[in-house]
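Commentary on secondary and tertiary structure
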Amino acid sequence: MLKFVKGHMESIAGIEVYPIISLLIFFLFFVALFWWVFTAKKDYINTVEQIPLETDNDQNL
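Residues numbered from 1 in each chain as written. Predicted model: local features only at pLDDT ≥ 70, side-chain atom pairs only at ≥ 80, totals over all residues. Heavy atoms only, no water.

1. A few points about the overall build of the protein
Operational definition: A run of H or I in DSSP counts as a helix once it spans at least four residues, and a run of E counts as a strand once it spans at least two, with each numbered from the N terminus. When a residue's accessible area, from a 1.4 Å probe over protein chains only, is under 20% of the maximum for its type it is buried; when over 50% it is exposed; and in between it is partly exposed. Accessible areas in this description were obtained via Shrake-Rupley with a 1.4 Å probe; residue shielding takes into account the shown protein chains only.
Assigned secondary structure in the protein consists of three helices and zero strands. Start at the N end of the protein and walk to the C end: the helices and strands fall as α-α-α. With 61 residues in all, the protein has 2% of them scored as buried. When the accessible surface of the protein is split by element, carbon and sulfur atoms take 70% of a total near 6,300 Å².

Structure follows, in structure tokens:
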């Protein structure tokens, strides 16, 4: 099965750029996420961490 897929992919011109683009997107996403985690405001983090602990009676709708 893998030989069939590999042989088929080798016949497509320019296919070698897609794994590189995928790796760059993956890397940039996690770099941005890492940056956001370390620059997030403490007040926002404290507010969001309390959301799962609230009951329906505590919420103001």
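And the narrative resumes.
2. A short note on the packing of aromatic side chains
Aromatic rings considered in pairs are described by the distance between their centres and by the relative angle of their planes. Note the threshold: Aromatic rings from Phe, Tyr and Trp, with only the six-membered ring used for Trp, were paired whenever their centres fell within 6.5 Å, and each pair was classed as stacked if the ring planes differed by under 30 degrees, edge-to-face if by over 60, and tilted otherwise.
In total, this model carries four aromatic pairs according to the counting rule given. Considering the side-chain rings of F34 and F38, the 4.7 Å spacing of their centres and the 65 degrees angle between planes classify their relative orientation as edge-to-face. Taken together, the residues span about one helical turn, with F34 and F38 both in helix α2 (residues 17–39) at a distance of four residues. One aromatic cluster is present, formed by F26, F29 and F30 through successive ring pairs.

3. A short note on the confidence of the model for the protein
Threshold: Each residue carries a pLDDT value, the predictor's own confidence for that position, ranging from 0 to 100.
A residue-level look at the protein finds 89% of positions with pLDDT of 70 or above and a mean pLDDT of 85. Least confident of the elements in the protein is helix α1 (residues 2–10), whose mean pLDDT is 77; most confident is α2, at 95.

4. Side note on the environment of T39
Its place among the elements puts T39 in helix α2. T39 gets classed as partly exposed once you look at its relative accessible area, which sits at 43%.

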